[in-house]
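# Reading the structure
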Amino acid sequence: DDVNRCLDYGVDAIIVSTHGGRQFDGGLSSIELLPEFVNVVGDRMEVFFDSGIRSGLDVFRAMALGARAVFVGRPVHWGLAYGGESGVRRMLSILRGEFDKVMAYSGCTSVDQIRRDKIVLRGE
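This one's a predicted model, so the numbers in the text were calculated from it and none came from an experiment.

## Thoughts on the sheet that holds strand β1 (residues 13-17)
With respect to topology, three strands assemble into an open sheet ordered β1-β2-β3, the strand pairing being parallel. The open sheet terminates on both sides in strands that have one partner only, identified here as β1 and β3 (69-70). Of the pairings in the sheet, the one linking strand β2 (residues 46-50) to β3 comprises two bridges and is parallel in character. In the sheet register, F49 faces β3, and the bridge partner there is V70.

In structure tokens:
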């Protein structure tokens with residue numbers, strides 16, 4: 001319903017996230033719900049993802065499920081605590097390296113080649 005209201009109001013993009021909803025034990029995770037949001041939206045608005053991104057593989061999975069881009073929270077804080085600005089830069093470099101490897105292992109040479117058929121979900 002919220003996504004359809006966003007479409008009605010001309011919203012350009014949504015962020016799929018569990019912020020504020022983590023206290024509900026047993027609920028569906030954001031990554032499980034992402035494909036449903038993408039299906040409802042189609043190409044009428046951008047869908048971004050922000051929940052549990054910890055590795056380059058997580059970035060790839062979210063993009064394969066339809067996210068246009070992802071946001072990274074906790075790893076930025078870890079990098080900052082580890083080494084300030086240089087720690088954040090190092091974390092981003094590690095994340096990028098992991099993402100590049102996953103793309104290569106999946107046969108993708110550019111992000112526009114990341115598609116749903118590149119991953120398998122539990123239960124498939």
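Once you've had a look at it, read on.
## Observations concerning the pairing of β2
Counting buried positions over the five residues of β2 gives four, a clear majority of the element. As paired strands, β1 and β2 are joined by five bridges and run parallel to one another. Counted as the bridge partner of I15 is F48 from β2. Traced from β2 through helix α3 (residues 56-64) to β3, the parallel crossover comes out right-handed.

## Description of α3
Burial runs high along α3: seven of the nine residues are buried. Among the residues of α3, G56, D58, V59, F60, A62, M63 and A64 are the ones counted as buried. Looking at the packing, one finds that the buried side of α3 touches α2 (30-41), β2, β3 and α4 (74-105).

## A word on the nonpolar core
Of all hydrophobic cores here, the largest spans 25 residues; its most connected members are I14, L34, V47, F49, F60, F99 and I114. For this core, the secondary-structure elements that each account for two or more residues are α1 (2-8), β1, α2, β2, α3 and α4. If we skip the residues at most four places from it in the chain, L34 touches V16, V47, F49, A62, L65 and A67.

Basis of the calculations
Residues numbered from 1 in each chain as written. Predicted model: local features only at pLDDT ≥ 70, side-chain atom pairs only at ≥ 80, totals over all residues. Heavy atoms only, no water. Pairing = 2+ DSSP bridges. Helix = DSSP H or I, 4+ residues; strand = E, 2+ residues; numbered from the N terminus. Buried < 20%, exposed > 50% of the residue type's maximum accessible area, 1.4 Å probe, protein only. Right-handed = clockwise from strand over helix to strand, strands pointing away. Contact = heavy atoms within 4.5 Å. Core = buried A, V, L, I, M, F, W, Y, C linked by side-chain atoms within 4.5 Å.

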